[in-house]
Amino acid sequence: MDKMKRTFTYVFLSVVSLVSIFPFLWMLVSATNKSVDVTKGKLTIGSHLVENFKKLTDTIDLGTAFWNSAKISIITTVLALLVASLAGYGFEIFRTKAKDAVFNILLMSMMIPFAALMVPLFKMFASIANSFPALGVNTLPAVILPTFTTAFLIFFFRQSTKMFPRELLEAGRIDGLRELGLFFRIYMPTMKTTYAAAGIITFMSSWNSYLWPLIVLQTPEKKTIPLLISNLGSSYSPDYGVIMTAVVISTIPTALVFFLMQKHFVAGMTGSVK
Amino acid sequence: MKTAKPGIKLMNKGRLTGWWFIAIAVIMIAAFYFYPMIQALLLSFKSGKGANLHFTGLDNYKRLFSDKTFLTAVKNTFIYLIIQVPVMIVLAMFISVLLNDSKLKFKGFFRTAIFLPCVTSLVAYSIVFKYLFGADGLVNMLLTKLHLISAPIQWITDPFWAKVTIIIAITWRWTGYNMIFYLSALQNIDNSIYEAARIDGASSVRQFFSITVPLLKPIILFTSITSTIGTLQLFDEIVNITKGGPGNATMSISQYIYNLSFKYSPDFGYAATVSYSIVIMIVILSIVQFKAAGEK
């Protein structure tokens, strides 16, 4: 009985793993093949990767899109971590009844679907564009400003701060550090793992975000990677090899971030759920 | 004089400092969540094309009930919700219980492999799935070779199978994500509870339902609420796999709002009304889920 259970566990997990990995393998292999071979179901590595890449960069401005996506994701991640950790720290360390009430109101924003926000946000940035073109529709601030502060991240930092050893703050005060000094010199270095986990989550969702950039970025030179890929994917005579090359390239940064920081990620998540 | 009542001074100072720490976050969330929500509410009572909006009272809300596209989108969204969310949550929980076995080999490999889909962007994986499930795609090729089907399934262009494709795709993308929450919760359960149960002769099925499920209840609630909110907002997958078709057979509410605002001649007022219907559904469903979790 026990042996059967064991066998079942391994078979089941292997099948689930295979199903999870297979689309990746197919995507990688297809990026190295000609479009015709992809449609024939060729599952071996081909020799057309360089050619696909050349075709891709000839048809679309991949470099610009990559740079746009990188700018947006990095700025979003830095701002998100800073603002959410300041707030999480403030709510937990300087806890009062009034602040708890504010915190609960902020949490309610997690229930607001983006679908309900997109129309008024678009109208907001369209009207800002009349007086401040640098902040309006089709600009970097318009993509970043409404999305970088999330109640989820504030909650995440607050939960993790519960485990932060407060004696460190007392020690810092005795050493003459001011409140911001305590935060930047003591809290931040101590909470590295939490920052890493929060950073991964934020970077990934920002790099992959689609709907808001689709609405607010209108000219081709502002487009991000997901917008370009979506366009490629909806063409009527798709070149599968080229599209899969684009898909692979779009996945590299998030996959890299994940694999480089996987340990911190798991540790951070585990800490936060406790 | 510095030593006089240092405690109170520090506390008052501390209280004010605390507000400075949370100020930016509060302003940002007020400006980009709550303010637009109020704007959307006001908009939902207005109608008209583009910028020519005028007050029409509850007309938009009445229109919802006779709007066939809206009703189809709601129906589709609920089909995704009722089938996909439970399947995914049970699967995530089951996988994490298997993975939590301390004697299991290759644990790291399995965990990473199953979490891997989460690193892909919704757009990227949607396109991969669109081609894999094409009429002459790899899935049909494999099924034909295994003699499971005689004619290719129209995964993308048949109204029924298109929904199935969407459900398979979302399950593939999000099961690993939910699994992480269960895994970290399971690691916090004291192993001695299971040992005691084993000594009492409880089977593993019994252990699962009498120990694991009750202890995981908060996580089950968390994952089902976040998945419900996610499903009600479904957009990227639909647009990139089926474009809402065939007809409107896979259209989601979010896609309909997008179409109303940015694709057809814009009717921001009515779009805001449709978006409020999602808010209402999220609130109702979350209350139902909280109640269901609380009563057991």
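Residues numbered from 1 in each chain as written. Chains lettered and ligands numbered in written order. Predicted model: local features only at pLDDT ≥ 70, side-chain atom pairs only at ≥ 80, totals over all residues. Heavy atoms only, no water.

**Description of the overall build of chain B**
Broken down by element type, chain B carries 12 helices and 2 strands. The order of helices and strands in chain B, counted from the N terminus, is α-β-β-α-α-α-α-α-α-α-α-α-α-α. Its C-alpha radius of gyration of 25 Å places chain B more than 25% over the 19 Å reference for a compact globule of 296 residues. Taking the principal axes of its C-alpha atoms as reference, chain B extends roughly 70 × 70 × 35 Å. Scored against the burial criterion, the 296 residues of chain B give a buried share of 53%. Contacts in chain B between residues at least 24 apart in sequence constitute 65% of all its contacts with a sequence separation of at least 6. (Helix = DSSP H or I, 4+ residues; strand = E, 2+ residues; numbered from the N terminus. Rg over C-alpha atoms; globule rule 2.2 N^0.38 Å. Buried < 20%, exposed > 50% of the residue type's maximum accessible area, 1.4 Å probe, protein only. Contact = heavy atoms within 4.5 Å.)

**What about the UniProt feature "transmembrane region" (unreviewed entry) in chain A?**
Residue and element names in this part refer to chain A. This chain's UniProt record puts "transmembrane region" (unreviewed entry) on residues 7-29, 72-94, 101-122, 134-157, 195-215 and 240-261. With 96% helix and 0% strand, residues 72-94 has end C-alpha atoms that lie 32 Å from one another. Structurally, residues 101-122 comprises 77% helix and 0% strand, and the distance from its first C-alpha atom to its last is 30 Å. (UniProt positions renumbered as here; feature names shortened; annotations may be inferred.)

**Let's talk about the packing of helix α3 (residues 68-99) of chain B against helix α9 (residues 204-232) of chain B**
Residues and elements named next belong to chain B. Contact geometry of α3 with α9 gives a least axis separation of 10 Å together with a crossing angle of 140°. Compared by their axis directions, α3 and α9 come out oblique. Regarding α3 and α9, the two cross each other, and that crossing is right-handed. Side by side, α3 and α9 meet where Thr77, Tyr80, Leu81, Gln84, Val85, Met88, Ile89, Met93 and Val97 of the first sit next to Phe208, Thr212, Leu216, Ile220, Thr223, Ser224, Ser227, Thr228, Thr231 and Leu232 of the second. Grouping the constituent residues of the contact of α3 with α9 by class yields 11 nonpolar, 8 polar and no charged. (Axes fitted to C-alpha atoms, helices over the stretch in contact; angles between N-to-C directions. Parallel < 35°, antiparallel > 145°, perpendicular 65-115°, else oblique. Left-handed = near helix turned anticlockwise from the far one by under 90°. Nonpolar A, V, L, I, M, F, W, Y, C, P; charged D, E, K, R; others polar.)

**Quick notes on the pattern of salt bridges**
Residue and element names in this part refer to chain A. Across all of its chains, the model carries 9 salt bridges over all chains by this definition. Among the ionic pairs, Glu92 bridges to Lys162, the shortest N-O distance being 3.4 Å. On the criterion of sequence distance, the pair formed by Glu92 in helix α4 (residues 62-93) and Lys162 in the loop between α8 (151-161) and α9 (167-174) is long-range, its members being 70 residues apart. Classification of Glu92 as buried rests on a relative accessible area of 8%. For Lys162, a relative accessible area of 44% corresponds to the partly exposed category. Note that Arg158 and Asp100 form a salt bridge whose closest N and O atoms lie 3.1 Å from each other. With Arg158 in helix α8 and Asp100 in helix α5 (residues 97-108), this residue pair connects regions lying 58 residues apart in the sequence. Like Arg158, the residue Asp100 is buried in the burial classification. Overlapping salt bridges bring together Glu92, Arg95, Asp100, Arg158, Lys162 and Arg166 as one network. (Salt bridge = Lys/Arg side-chain N within 4 Å of Asp/Glu carboxyl O.)

**Focus on unusual backbone geometry**
All names here are of chain B. We note that Phe106 has phi near 60°; this positive angle belongs to a residue other than glycine. As for its position among the elements, Phe106 is in the loop between α3 and α4 (107-115). A residue is classified by how much of its surface remains accessible, and Phe106, at 58% relative accessible area, is exposed. Within the chain, Lys243 stands out as a residue other than glycine whose phi angle is a positive 60°.

**Observations regarding the packing of aromatic side chains**
Using the criterion set out here, one finds 45 aromatic pairs over all chains in the structure. Where Phe122(A) meets Phe268(B), the ring centres are 6.3 Å apart and the plane angle is 40°; that geometry is what we call tilted. Highlighted residues: Phe122(A) in helix α6 (residues 114-131) and Phe268(B) in helix α12 (residues 268-295), drawn from two different chains. Judged by its relative accessible area of 9%, Phe268(B) falls in the buried class. Grouping aromatic residues by their ring pairs yields a cluster made of Phe24(A), Tyr125(B), Phe129(B), Phe133(B), Trp155(B), Phe160(B), Trp161(B) and Trp172(B). Above the plane of the ring of Phe103(A) lies Arg158(A), whose end atom (NZ or CZ) is 4.4 Å from the centre. Positioned over the ring face of Tyr270(B) is Arg63(B), at 3.6 Å from the centre of the ring. (Phe/Tyr/Trp six-rings, centres within 6.5 Å; stacked < 30°, edge-to-face > 60°. Lys NZ or Arg CZ within 6 Å of the ring centre and 35° of its normal.)

**Notes on the UniProt feature "domain: ABC transmembrane type-1" (unreviewed entry) in chain A**
In the numbering adopted here, UniProt assigns the feature "domain: ABC transmembrane type-1" (unreviewed entry) to residues 66-261 of chain A. Along residues 66-261 of chain A the backbone is 76% helical and 0% strand, and the end-to-end C-alpha distance reaches 21 Å.

**Some remarks on the confidence of the model for chain B**
For chain B, the average pLDDT comes to 85, and 94% of its residues sit at 70 or higher. Overall, residues 1-9 of chain B carries pLDDT values under 50, and its contacts beyond four positions in sequence, including any with other chains, amount to 0 contacts. (pLDDT = per-residue confidence, 0-100.)

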